[in-house]
Amino acid sequence: MLKYIFKRFGIMLVTLWIIITLTFILMINVPGSPFNSDQSSNETIQANLEAHYNLDEPYHIQYLLYLKSIVTFDFGPSIKQPNQSVNDLLGRGFPISFELGMMTIIVAVISGIILGIIASLKHNGFIDYLAMGLAVLGISIPNFILATLLIQQIAVNLEILPTATWSSPAHMILPVTALATGPMAIIARLTRSTMLEVLTQDYIKMAKAKGLSPWKIVFKHALRNALMPVVTIMGTLLAGILTGTFVIEQIFAIPGMGKYFVESINQRDYPVIMGTTVFYSAFLILMLFLVDIAYGILDPRIKFHKKGGE
Amino acid sequence: MEKILQVENLHVTFSTYGGTVKAVRGVDFHLNEGETLAIVGESGCGKSVTSNAIMRLIPNPPGKITNGSILFKGQDLAKFSEKKMRSIRGVDISMIFQDPMTALNPTLTIGTQLMEGLREHQNVSGDRAKEKAIEMMDLVGISNPPERLKQYPHQFSGGMRQRIVIAIALICEPDLLIADEPTTALDVTIQAQILELFEKIQVKTGISIILITHDLGVVAKIADRIAVMYAGKIIETGTKREIFYKPQHPYTKGLLNSVPRLDLKEARLTPIDGTPPDLFSPPKGCPFTARCPFAMEVCDKVYPENTELTGSHQVNCWLQDERAKQLIKVT
């Protein structure tokens, strides 16, 4: 197990390095520079600024400097807001984005699984059709449409919940709902179909023959086996939720990381681009790693190490 | 001998889009205490449905027990509520399934699956349950039980898994064991071991066994009595000797003729021509008529009455009728 984790860590670092390098290549190939928009600045000032941020160095030196900044986790100050370091921006934005993302995942997973179980147990009944109808809606409506709809109906027309920002639990309901509905629908549909398959297995019949209660049969015997495919798609869903947070943060004016990420690209704020990209990718890679670990915990047949032959 | 189980006039149907399948159509049989009854017949004749009906494990919908009674120790299981039935399953009646490779949950340890029934029904402490589990593992012949309890099904071979399934079925000390083709998925050497295990367990615990199979070799080894099923009905019952040496129904004879024999020179087997009837609309008369070499006009029209040849040997066939016997003599 430990050996596997070390090996995975190595692979994760390589992945991260590839992402960093690609981002760097893309960054230097995008036309424009952080100082282009400043109409007032003349060439001397621009040259001085570029020298200040090492932008006059040849690309390979710049690349090494970037690598160094990443290894030391010091991305330096933002070019556009020189009084703030990239670490400050991340430190301020990440907790909020993390909160939004985590709440979304928890809501999506729990409600998706429950919905899927109910639908599978009431297979082909009214509740099943209702749940799956909702799921189809959830999958087909993009989160930004749902977000605007929710704001318009619930926040503006009914005035039940606040329209935007991120200051109290009540503020969190709408953004989390908007972001969680899609993944929830996917999880619900997947849980339903795998549950239906698992419920016809011999070991479920065996559990019934033991005289176990339906509750135990579903949660102890069926669900764990049915969750395997759900865990598999968690990786993809996580990536979706992560990118979803950019959009949702914009719509609800949530001061998370997404804002800096988008703005930095528009403004060619190189250190911020680098910082946010590295941070987002590192986070996603780590989450995917956790998903793989969870897979092994759920299914004892998955081994992380090879011990002798079998 | 005390009758532990008496099934009377059992009817089971399945509703499908194509119509209603009458899978079991009036089955009567009984099981004495400590006895092994084999229910034999070809695929789709209703053997498994009958055994699942006794456990009330027929998924409803689409399946339904439409008529008949299942008297277990004098109580009619067909009328039991689901909750009451749960206290019977695993405790008084246990079941073993055909394929040990799929009968165990891959994500739970053997120990958990073994002790679960005990914990559910008998309110025993963890230590006591473990003790009992180790005892059962010993009984079914698995070495080093304390270590093996912590392992998962994929760490066991097919034969070992079937032993575990048997241990699970027996852990609450039931009075009746229903084994639905327990050796079909195993290779021949393992089959023999498992059958010996059944005999050993029966001697030790005095349990009554219903054995569902299509393997007459298995039947010859461990059954006391045999019930032959065809198209949802039991057409002949008798002791092992009566069925093997004096089969009366043409179907039983056909079944026995289609088993390879070492003592005959004839190398070719004699199969029964044709296929079983469609159970969406079963024939009014004897369902075997279309395949029967002795079929008469009456066979197709009226289902034959039960003829009692001896106290234990019964058959449903028009050939037993006095008039048919005269006819055979004439021709």
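Up top is the structure.
Worth saying up front: this structure is predicted, and the values here are computed from it rather than measured. (Residues numbered from 1 in each chain as written. Chains lettered and ligands numbered in written order. Predicted model: local features only at pLDDT ≥ 70, side-chain atom pairs only at ≥ 80, totals over all residues.)

## Examining helix α2 (residues 43–52) of chain A
Each full turn of the α-helix corresponds to 3.6 residues, which orients residues three or four apart in the same direction.
Then, in step 1: The buried fraction of α2 of chain A amounts to zero of the ten residues, a small share that puts the element mostly on the outside.
Then, in step 2: Among the residues trailing α2 of chain A, N54 of chain A stands out with phi positive, at a value near 65°. (Buried ≥ 20, exposed ≤ 12 C-beta atoms within 10 Å, placed from the backbone. Helix = DSSP H or I, 4+ residues; strand = E, 2+ residues; numbered from the N terminus.)

## Some remarks on the sheet that holds strand β10 (residues 233–239) of chain B
All names here are of chain B.
Then, in step 1: One open sheet accounts for eight strands, arranged β6-β7-β8-β3-β9-β10-β12-β11; its pairing is mixed. Strands with a single pairing partner mark the edges of an open sheet, and in this sheet they are β6 (93–96) and β11 (306–308). Across the sheet, the mean angle separating the axes of adjacent strands is 20° when strand polarity is ignored.
Then, in step 2: Pairing of strand β9 (residues 225–230) with β10 involves six bridges; the strand directions are antiparallel. Looking across to β10, one finds that Y230 is bridged to K233. (Pairing = 2+ DSSP bridges. Axes fitted to C-alpha atoms, helices over the stretch in contact; angles between N-to-C directions.)

## Notes on the sheet that holds strand β1 (residues 3–16) of chain B
Residues and elements named next belong to chain B.
Then, in step 1: Strand order in the open sheet formed by four strands is β2-β1-β4-β5, and the pairing between neighbours is antiparallel. Both outer strands of the open sheet, β2 (19–32) and β5 (75–76), are each paired with one neighbouring strand and no more.
Then, in step 2: Two strands pair when backbone bridges link them, and strand β4 (residues 63–72) and β5 are joined in this way by two bridges, in the antiparallel orientation. By the bridge assignment for β5, L71 is matched with D76.
Then, in step 3: Contacts from helix α1 (residues 47–54) reach β1, β2 and β4, with the element oriented near 70° to β2. (Contact = placed C-beta atoms within 7 Å.)

## A word on the interface of chain B and chain A
For interface size, the figure often reported is the accessible area lost on association.
Then, in step 1: In this complex, chain B contributes 23 residues to the contact, which on the side of chain A involves 18 residues.
Then, in step 2: Counting residues per element, the ones that place at least two in the side of chain B that touches chain A are β6, α3 (100–103) and α4 (110–122) of chain B.
Then, in step 3: By residue number, the principal contributor to the side of chain B that touches chain A is α4 of chain B, which donates four residues.
Then, in step 4: Residue classes in the side of chain B that touches chain A are distributed as nine nonpolar, nine polar and five charged. (Nonpolar A, V, L, I, M, F, W, Y, C, P; charged D, E, K, R; others polar.)

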